[in-house]
Amino acid sequence: MEEIHSQSDHYRSSSSSASSPASRVPSSNFFYLRKPGAHRQPISFEDSPDWDDTDIEVKVEEGGGDSINAATTPASPSLSKINSGSLPSPPLPEGAIVARKIAGASVAWKDLTITIKGKRKYSDKVVKSSNGYALPGTMTVIMGPAKSGKSTLLRALSGRLPDSARIYGEVHINGVKAHMPYGSYGFVERETTLIGSLTVREFLYYSALLQLPGFFFQKRSVVEDAILAMSLGDYANKLIGGHCYMKGLPRGERRRVSIARELVMRPHVLFIDEPLYHLDSVSALLMMVTLKKLASTGCTLIFTIYQSSTEVFGLFDRICLLSNGNTLFFGETLACLQHFSNAGFPCPIMQSPSDHFLRAINTDFDRIIAMCKNWQDDHGELSSVTMDTAVAIRTLEATYKSSADAAAVDTMILKLTEKEGPSLKSKGKAGSATRVAVLTWRSLLIMSREWKYYWLRLILYMLLALCIGTVFSGLGHSLSSVVTRVAAVFVFVSFSSILSIAGVPAQLKEIKIYACEQSNWHSGTLVFLLGQLLSSIPFVFLISISSSLVFYFLIGLRDQFSLLMYFVLNFFACLLVNEGLVLFIASICQDIFWSILILLNIHVVMMLSAGYFRIRSALPKPVWMYPVSYIAFHTYSVQGLLENEYIGTSFAVGQVRTISGYQALTKRVRYISRQ
């Protein structure tokens, strides 16, 4: 304890410019403070389930100030010294369209401990005995340095922990200890994959079709509400990824689109992992103002954040401060400043509160202190921050546990969990047939707009057919041409199948989109695979008929329409099976290197057992004949194309004797296999 007090006293002396939290309240020149005389509309919960008694109390003070006490929250002892419960949110402009009200839900967690399985046992505690709550119409932020347990706590509250994690403690939703059903909450990952070839409105509309049951026309209003809630009206008809002569959406707008995708379900609780990830200061401020507006509709917002500016920090309602899994503070935003001051670490005047918090609890700063000490002799004092971070963390944790703020949190959790409120119900899912149809139509639209999907492959197939056709042109129809024509058909089928590997990058892009949707149960594996395969049929048929026409007439196959159509359909079936193989391997590997490597090896093995280099009956039976030669689709395609050409024909042998085309074909194939 003497070490802790000495470190605290040393930091007080090094922060002589610091002021008390009361003087740290932002002045009226900040944008997010309301002008004198302006009043904000009280938060309404018209769509919220009815509780037994009124749990939301709104007080509008004279002079434009206001404070919100949800569920008769006990006043924070630290907060009472500052004369305000939270910073007010910015007023809506005149004439603005009021967003649809959302029925929020209270979330409370008590003694929450999360362990991650190590090499031998569950020993690594990522979150340790965390207590907190989130109320409808408010923004609760989980803040801390890297690897402090922010995302793990967020996933634990939403019920999305991996199988390698174990959770101890209680999580209550509206006073009920239960998991949130499908559609009652939304979860936005730190990094989400969007479809660049769709507009914002199209992307959200297809997302609504995948998530919600009902008829198509009923989803329009849901999409428009999500666009309005995230202030995306100016970008609704713009392509997310842009195109050759138009840029795509900025990073901030893309982030808001990913949040709007979850809003189409109208969730009661919205979890967001790092909403300000990779955003500049202006985009971050716009994002938080938008989320503040969303919270004012009644939705419960819980999200993680690493660092924020002073303006963004002022928009938070409550903060949960973590370091190494330990809860250093939970309560109103301004009360956190008082907590740090009580612990002996007041925030300097010219420093952002979030910067100050992270500076005090981030152990990585110890290395910076060590580096600065080597420069102090020659360059003077480079940093006034000289405290030991480990001591600061222990001091803040001990101060919080013994403070009245922690007791107020326990009282609030007890009040939220002592009676059960309305239970959340599942909103239903779209049927499997509907999702297959939606994915098929969406993939068709994407493939038609993305030239890398099939349009580039169409050009490559045409060039391949042109090259093979010109190499094997002018064969004639004599008996000696059978061997060469067999080689031409085999090369055309085999090389065209190998060329389909060029579609692996496009398939992996679709798989990333599927993985993002599947994590929120918007899609399923079988639904995705079936939708992708069905959507590829028109493009594969276009490739088949165009390349078949070029090859068919260049090598001089029989000029009959029925034979030509059989050739096209045979080649189409071969490419379609190959397309399914590429999709299957890419879905398993989900890596471009391993997908291409495995597909190349599969095609080489199939080519060796296709009957050209050696007939099937002569192959070694254990592996090559059974089962490889029967699995290889090259075998059936080549055999069908050759029989289509030579059955019903005959060749003269000398001046008297003739043989059928089928006999000539089998003899020549056996002759080739003996060479």
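Model, not experiment: these values are computed from the prediction.

Q: How would you summarise the pairing of strand β7 (residues 185-188) if you had to cite specific residues and measurements?
A: The alternating pattern of β7 places Tyr185 and Phe187 and Gly186 and Val188 on opposite faces, both of which are buried. Of the strand pairs in this sheet, β7 and strand β8 (residues 269-272) are connected by 4 bridges, and their pairing is parallel. The residue of β8 that forms the bridge with glycine 186 is leucine 270.

Q: Outline the environment of threonine 635, listing residues and values.
A: As for its placement among the helices and strands, threonine 635 is situated in helix α21 (residues 633-646). Residue classification places threonine 635 among the buried residues on the basis of a relative accessible area of 5%. In this structure the C-alpha to C-alpha distance between threonine 635 and tyrosine 612, which are 23 residues apart in sequence, comes to 8.6 Å. Among the polar contacts made by the side chain of threonine 635, one reaches the main-chain carbonyl oxygen of serine 609 at a distance of 3.4 Å.

Q: Tell me about the packing of helix α15 (residues 481-499) against α21, residues and numbers included.
A: Running from N to C, α15 and α21 cross one another at 140°; their axes reach a closest spacing of 10 Å. Classed by the angle they form, the pair α15 and α21 counts as oblique. Seen from above, α15 lies across α21 with right-handed handedness. Listed contacts from α21 to Ser481, Val482, Arg485, Val486, Val489, Phe490, Val493, Ser494 and Ser497 of α15 are Phe633, His634, Ser637, Val638, Leu641, Leu642, Glu645 and Tyr646. Each residue belonging to the contact of α15 with α21 can be placed in one class, and the counts come to 10 nonpolar, 5 polar and 2 charged.

Q: Explain the packing of helix α3 (residues 200-211) against helix α5 (residues 251-263) to me, and be specific about the residues and the numbers.
A: Where α3 meets α5, the axes come as close as 9 Å, and the angle between the chain directions of the two elements is 30°. What the angle tells us is that α3 and α5 run roughly parallel. The interaxial crossing formed by α3 with α5 has right-handed handedness. For the pair α3 and α5, the contacting residues are Val200, Phe203, Leu204, Ser207 and Gln211 in the first and Val257, Ala260 and Arg261 in the second. Grouping the amino acids of the contact of α3 with α5 by side-chain chemistry returns 5 nonpolar, 2 polar and 1 charged.

So, how was this worked out
- Residues numbered from 1 in each chain as written.
- Predicted model: local features only at pLDDT ≥ 70, side-chain atom pairs only at ≥ 80, totals over all residues.
- Heavy atoms only, no water.
- Buried < 20%, exposed > 50% of the residue type's maximum accessible area, 1.4 Å probe, protein only.
- Helix = DSSP H or I, 4+ residues; strand = E, 2+ residues; numbered from the N terminus.
- Pairing = 2+ DSSP bridges.
- Polar contact = N/O pair within 3.5 Å; in protein donor to acceptor, adjacent residues only side chain to side chain.
- Axes fitted to C-alpha atoms, helices over the stretch in contact; angles between N-to-C directions.
- Parallel < 35°, antiparallel > 145°, perpendicular 65-115°, else oblique.
- Left-handed = near helix turned anticlockwise from the far one by under 90°.
- Contact = heavy atoms within 4.5 Å.
- Nonpolar A, V, L, I, M, F, W, Y, C, P; charged D, E, K, R; others polar.

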